[in-house]
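Coordinates in review
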Amino acid sequence: MIQPRTMLKVADNTGAKIVQCFRVLGGSRRRYAQIGDVIVGTIKKAEPRKEIKKHDVVRAVIIRQKRNLRRKDGTYIRFDDNTCVILEGKTNLPKGNRIFGPVAREIKEKGFEKIATLAEELV
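First, a word on scope: everything that follows refers to the structure included in this document. Computed from a predicted structure; not experimentally measured.

So, about the nonpolar core. Counting residues in each nonpolar core, the largest one holds 17 residues, and the members touching the most others are Val 61, Ile 63, Ile 107, Phe 112 and Ile 115. Contact partners of Ile 107, with chain neighbours within four places excluded, come to Ile 35, Gly 36, Val 61, Ile 62, Ile 63, Phe 112 and Ile 115.

Here's what the structure looks like:
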């Protein structure tokens, strides 16, 4: 369950390290986001001399979450951390060209095929 003020790790090579969520997109009263949902956040920690700087406002898609996620076949999936990938503008394309760590299969089903192809492993 990702909600406003949640800190997420960034799993791409844009230079951002930590993102703080301040809006869950997809409805005016939407409180929580899960894997495959888009959020708006600000960069809290970033590497120097990279394309993304501290305090930038970005859109990101969640690729891993600590909370259990129930799949259609009845199984549950859970990760060790809350992680996102930064998106380019209002498109579903990632800003970076590498994605680190495993990515949930639900990402591909929600229309983020490019992120699924860049991922090291689909779980």
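Attention now moves to the sheet that holds strand 7 (residues 83-86). The strands making up a sheet are joined through hydrogen bonds of the backbone, oriented either antiparallel or parallel. With mixed pairing, 5 strands are arranged side by side around a closed barrel as 1-2-3-4-7. This sheet shows a mean twist of 55 degrees between the axes of neighbouring strands, independent of strand direction. Sheet analysis places strand 3 (residues 38-46) next to strand 4 (residues 57-64), joined by 5 bridges and oriented antiparallel. Note on strand 4: the bridge partner recorded for Val 38 is Val 61.

Relative to the helices and strands, Gly 101 is located in the loop between strand 7 and strand 8 (102-103). Taking C-alpha positions, Gly 101 is 24 Å from Arg 5, a pair spaced 96 residues apart along the chain. Discounting residues that sit within four places of it in the chain, Gly 101 has contacts with Arg 64, Glu 120 and Glu 121.

What follows concerns the pairing of strand 4. Of all 8 residues in strand 4, 6 are buried, a share of seventy percent or more. As paired strands, strand 4 and strand 7 are joined by 4 bridges and run antiparallel to one another. Bridged to Ile 62 within strand 7 is Cys 84.

Scoring rules and cut-offs
- Residues numbered from 1 in each chain as written.
- Predicted model: local features only at pLDDT ≥ 70, side-chain atom pairs only at ≥ 80, totals over all residues.
- Heavy atoms only, no water.
- Core = buried A, V, L, I, M, F, W, Y, C linked by side-chain atoms within 4.5 Å.
- Buried < 20%, exposed > 50% of the residue type's maximum accessible area, 1.4 Å probe, protein only.
- Contact = heavy atoms within 4.5 Å.
- Pairing = 2+ DSSP bridges.
- Helix = DSSP H or I, 4+ residues; strand = E, 2+ residues; numbered from the N terminus.
- Axes fitted to C-alpha atoms, helices over the stretch in contact; angles between N-to-C directions.

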